[in-house]
Number of protein chains: 2
Amino acid sequence: MDRYRALFDAHLARWTAALPPGGLYTPMAYLLGLPAKRVRPSLVLMACELFGGRAEDALDQALAIELFHNFTLMHDDIMDGSPLRRGRPTVHVKWDVDMAILSGDALFVKAYQAMGIRPDVLAIFNRHALEVCEGQELDMAFEQRADVPLADYREMIRLKTAVLLSCALQVGACIAGADEDQRRRIGAFGEHLGLAFQLRDDLLDAFGDPGQVGKQRGGDLRAGKKTFLLIRGLERAAEEGSDVLRAELAKPAGQRDVQRMLEVLEALGVRREAEAEVARHEREAAEALDAIAVPEARKAALRALHAQLTGRVH
Amino acid sequence: MDRYRALFDAHLARWTAALPPGGLYTPMAYLLGLPAKRVRPSLVLMACELFGGRAEDALDQALAIELFHNFTLMHDDIMDGSPLRRGRPTVHVKWDVDMAILSGDALFVKAYQAMGIRPDVLAIFNRHALEVCEGQELDMAFEQRADVPLADYREMIRLKTAVLLSCALQVGACIAGADEDQRRRIGAFGEHLGLAFQLRDDLLDAFGDPGQVGKQRGGDLRAGKKTFLLIRGLERAAEEGSDVLRAELAKPAGQRDVQRMLEVLEALGVRREAEAEVARHEREAAEALDAIAVPEARKAALRALHAQLTGRVH
């Protein structure tokens, strides 16, 4: 990962340095300059090399994916009312909502500019960009709904998180000239990895080691956030005739007994179900990678990424 | 114009009917369904025919321009706090700000989808889309500034209004296969027409017949809006040592003597300057059209549009 990230960061630094001063461009440079793991652009470069391309030839598309990702962050932070992003003030807090809307819009145009004019790449990008918007819409709609079916939650995290990883990999594959079958496989790898990542996040929030995760245990449960655990927990509780979760959710957020909610989720088998779900997606991701017809040595970087995400405890 | 509008409206109706139900798509369909003159998409079709293309072959790009225009309206209405658009509630009022941000973002993706994958068309669209964002940013920044130089105001209306007309015409020209010289000329026609249009709007607001313009005379002056008239008026007043305008602006908006401000602008020669400016841009637009090397008969539609805008009193 380090090599891809270094390659990408140098490219991003050149792009940032070439931005016009002031106006819309200062918030862009600020957000892009916050420390970040650059997972998505690295995926573009990794997929390009996987299929025999040169990472250098996919740098503009890697940039486009990262610009698009940051555009969604700038707008999502407004909608979610988030004061902080990566430990620093969000754009709509540091400037104002109007600037965050407009600088985000301009950043989206810059993403398209960087993406270039390959028909296959643009078709993939357009489709997935729309899905990311649809995912955010579902996420917002869920906050207004008392009951969210598990299938809808899965679709939301697929759209909001997983499809952009899939898109990044498919774009990299396109640049390397991979055929449609191979592109579908690397896309499936990304989608399953993204789903596993998000579900593992839900699990770590509830059952992880707070010392390693870096935040208070059960924050999502305390907030009543509809994650896999709570949605499936409420389903299972209804089947078993248990009303502990509903009773806790009826309390104000500050008074919820998170420890008790965790015990109920454990007793109802929801933790095990979630773990099985994570394992299934990680397995399907690995199978998709297995099925890609390139020399095994070229898969090393993506296998390492898979192993890193599979084993993570924070 | 009627033929182009009918052709376009049928295409738009097909697009709207094919949208998925609910979610992000309802606000899009609502905004696109409000009555509108469809000037920008008609320009795409007219420019395509001007250079010997078939209007039918530019319908998708006309759609893309109109979708982009409506995306900017959806977001600008949030920033400007506008409750009404075309006499109906704006999207952020009818739904909420979050939905207007997100549905707008998705509409922007749909614009790119409709625009297709021609390199020349995309290059033009990307460049002008960014300029439109820059124009809105200047417009917002001007509200915070006591003094706006006239050159900055001209650049703002060029970016915010004129470049999208120019873009629409250039895109239509591309579809018809016009060469770069011809494209530059039709682009200049659009830009001058757009500048004349906006400056005439400023003039009509102040000196038009309220019965024909359909709003109270001098609304911009009453609000202290920095248009050509007020900016140039303050410059000329400073040269002449007159402090009437500054004194009126120092009052609360409701207590300003608009009639007196109009008399001062007239006396300072600012009205005549603005009229000369409009006439200059209208002449330059006509000259750009003259210089385009196609049979004169093909220019009839654009000449009629030019005459219609030149003679308008509301």
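1. Some points on the overall build of chain A
Counting its regular elements, chain A contains 16 helices and two strands. In terms of overall dimensions, chain A is globule-like: its C-alpha atoms have a radius of gyration of 20 Å, near the 20 Å expected for 314 residues. Its C-alpha atoms give chain A principal-axis dimensions of roughly 60 × 50 × 35 Å. Residues classed as buried in chain A amount to 55% of the 314 residues present. Pairs at least 24 apart in sequence give 72% of the contacts found in chain A among residues at least 6 apart. Accessible surface computed for chain A: about 12800 Å², of which carbon and sulfur atoms make up 51%.

2. Here we look at the packing of aromatic side chains
Evaluated as defined, the whole model comprises 16 aromatic pairs over all chains. Ring centres of A:Tyr112 and B:Tyr112 lie 3.4 Å apart, and the angle between their planes is 10°; on these two criteria the pair is classed as stacked. Taken together, the residues span two chains, with A:Tyr112 in helix α6 (residues 97-115) and B:Tyr112 in helix α6 (residues 97-115). There is no split in this pair, since A:Tyr112 and B:Tyr112 are both buried. Aromatic pair B:Phe68 and B:Phe108: ring centres 5.5 Å apart, planes at 55°, arrangement tilted. Separated by 40 residues along the polypeptide, B:Phe68 in helix α4 (residues 59-80) and B:Phe108 in helix α6 bring together distant segments of the chain. Among the aromatic residues, ring-to-ring pairing joins A:Phe68, A:Phe71, A:Phe108, A:Tyr112, A:Phe125, B:Phe68, B:Phe71, B:Phe108, B:Tyr112 and B:Phe125 into one connected group. Geometry around A:Trp95 places A:Lys94 over its ring, the cationic atom sitting 5.7 Å from the centre.

3. Remarks on the side chain of B:Ser82
Residue and element names in this part refer to chain B. Mapping serine 82 onto the fold places it in the loop between α4 and β1 (84-85). Serine 82 gets classed as buried once you look at its relative accessible area, which sits at 18%. Ignoring anything within four residues of it in the chain, the contact list for serine 82 reads Asp77, Thr90, His92 and Val93.

4. Concerning helix α15 (residues 270-290) of chain A
All names here are of chain A. Here α15 spans 30 Å end to end across 21 residues, near enough to the 30 Å set by a 1.5 Å rise per residue. Among the residues making up α15, those that are buried are Val270, Ala274, Glu277, Val278, His281, Glu282, Ala285, Ala288 and Leu289. Down the axis of α15, the buried set is contained in an arc of 125°. They therefore lie on one face. In this structure, the buried residues of α15 make contact with α8 (150-175), α9 (180-207), α12 (228-240), α14 (258-267) and α16 (300-310).

5. Remarks on empty space enclosed by the protein
Scanning the model with the defined rule gives four cavities of 30 Å³ or more in all. In this model, the largest cavity occupies a volume close to 50 Å³. Contributing to the lining of the largest cavity are A:Leu102, A:Asp105, B:Phe71, B:Thr72, B:Asp76, B:Met79, B:Val132, B:Cys133 and B:Gln136. Of all elements in the fold, only α6 of chain A together with α4 and α7 (119-143) of chain B reach the threshold of two or more residues within the lining of the largest cavity. The residue inventory of the lining of the largest cavity, partitioned by class, reads five nonpolar, two polar and two charged.

6. Here we look at the interface of chain A and chain B
Every contact between the two is made by 30 residues of chain A and, on the other side, 30 residues of chain B. Of the roughly 2800 Å² buried at the junction of chain A and chain B (both faces included), carbon and sulfur atoms supply 76%. Scanning the region where chain A abuts chain B turns up zero salt bridges. Across the contact surface, chain A and chain B share four residue pairs in polar contact (both at pLDDT 80 or more). The residue inventory of the side of chain A that touches chain B, partitioned by class, reads 19 nonpolar, five polar and six charged.

7. Looking at the relation of the copies chain A and chain B
For the pair chain A and chain B, the relating rotation is 180°, the translation along its axis is 0.0 Å, and the fit reaches an RMSD of 0.0 Å. Overall, the copies show the geometry of a two-fold rotation axis. For chain A, the minimum C-alpha distance to the rotation axis belongs to A:Ile117 and amounts to 3.2 Å. Of all interface residues in chain A, 100% are interface residues in chain B too; the two copies therefore contact each other through one and the same surface.

8. Observations concerning the environment of A:Gly187
All names here are of chain A. If you trace the backbone, glycine 187 turns up in helix α9. Through-space distance from the C-alpha of glycine 187 to that of arginine 260 is 40 Å; in sequence the pair is 73 residues apart. In this structure glycine 187 touches Ser166 and Gln170, once residues within four positions along its chain are discounted.

9. As for the pattern of salt bridges
Residue and element names in this part refer to chain A. By the definition in use, this model includes 58 salt bridges over all chains. With a closest N to O distance of 2.7 Å, glutamate 235 and arginine 232 form a salt bridge. Linking glutamate 235 with arginine 232, this pair stays in helix α12, spanning three residues, or about one helical turn. On the basis of relative accessible area, glutamate 235 is assigned to the partly exposed category, the value being 31%. Salt-bridge contacts for glutamate 239 lead to arginine 232; the nearest nitrogen and oxygen are separated by 4.0 Å. Under the relative-accessibility criterion, glutamate 239 is labelled exposed at 52%. What you see here is one network of salt bridges that share partners, running through Arg232, Glu235, Arg236, Glu239, Glu240 and Glu273.

10. Digging into the packing of helix α15 (residues 270-290) of chain B against helix α16 (residues 300-310) of chain B
All names here are of chain B. Relative orientation of the contacting elements α15 and α16 amounts to 175°, with a least axis distance of 11 Å. In terms of orientation, α15 and α16 fall into the roughly antiparallel class. Within the contact between the two elements, α15 uses Glu282, Ala285, Ala286, Leu289 and Asp290 and α16 uses Leu302, Arg303, His306, Leu309 and Thr310. Class assignment for the residues of the contact of α15 with α16 results in five nonpolar, two polar and three charged.

11. Describing the domain arrangement of chain A
Residue and element names in this part refer to chain A. Each assigned domain of chain A is listed here: domain 1 (1-133) and domain 2 (179-314). The interface is formed by eleven residues belonging to domain 1 together with eleven residues belonging to domain 2. Carbon and sulfur atoms supply 81% of the area buried between domain 1 and domain 2, which totals about 910 Å² over both sides. Considering only the surface of domain 1 that becomes buried against domain 2, Met46, Leu50 and Phe51 emerge as the three largest contributors, covering 58% of it. At the boundary of domain 1 with domain 2, the tally comes to zero salt bridges. Across the domain 1-domain 2 interface, the total number found is one residue pair in polar contact (both at pLDDT 80 or more).

12. Things to note about the state of the cysteines
Using the criterion set out here, one finds zero disulfides over all chains in the structure. Between A:Cys167, a free cysteine, and A:Cys174, which holds the nearest cysteine sulfur, the sulfur-to-sulfur gap is 9.2 Å. B:Cys48 carries a free sulfur, and the closest cysteine sulfur to it, the one in B:Cys174, is 10 Å from it.

13. With respect to helix α4 (residues 59-80) of chain A
All names here are of chain A. Its 22 residues place the ends of α4 31 Å apart at the C-alpha level, agreeing with the 32 Å of an ideal helix rising 1.5 Å per residue. Counting buried residues along α4, 20 of its 22 residues qualify, which places the element largely inside the surrounding structure. Trailing α4 by a residue or two, glycine 81 shows a phi angle of about 60°, which is positive.

So, how was this worked out
- Residues numbered from 1 in each chain as written.
- Chains lettered and ligands numbered in written order.
- Predicted model: local features only at pLDDT ≥ 70, side-chain atom pairs only at ≥ 80, totals over all residues.
- Heavy atoms only, no water.
- Helix = DSSP H or I, 4+ residues; strand = E, 2+ residues; numbered from the N terminus.
- Rg over C-alpha atoms; globule rule 2.2 N^0.38 Å.
- Buried < 20%, exposed > 50% of the residue type's maximum accessible area, 1.4 Å probe, protein only.
- Contact = heavy atoms within 4.5 Å.
- Areas by Shrake-Rupley, 256 points an atom, 1.4 Å probe, with all protein chains shown as cover.
- Phe/Tyr/Trp six-rings, centres within 6.5 Å; stacked < 30°, edge-to-face > 60°.
- Lys NZ or Arg CZ within 6 Å of the ring centre and 35° of its normal.
- Expected span 1.5 Å × (residues − 1).
- Arc of directions from axis to C-beta.
- 1 Å grid on protein atoms, 1.4 Å probe; cavity = no way out; pocket = protein on both sides within 12 Å on 5 of 7 lines; lining within 4 Å.
- Points joined across faces, edges and corners; volume = space filled by probe spheres on them.
- Nonpolar A, V, L, I, M, F, W, Y, C, P; charged D, E, K, R; others polar.
- Buried area = accessible area lost by both parts, 1.4 Å probe.
- Salt bridge = Lys/Arg side-chain N within 4 Å of Asp/Glu carboxyl O.
- Polar contact = N/O pair within 3.5 Å; in protein donor to acceptor, adjacent residues only side chain to side chain.
- Least-squares fit on C-alpha atoms with pLDDT ≥ 70 in both.
- Axes fitted to C-alpha atoms, helices over the stretch in contact; angles between N-to-C directions.
- Parallel < 35°, antiparallel > 145°, perpendicular 65-115°, else oblique.
- Domains from an automatic or database assignment.
- Disulfide = S-S within 2.5 Å.

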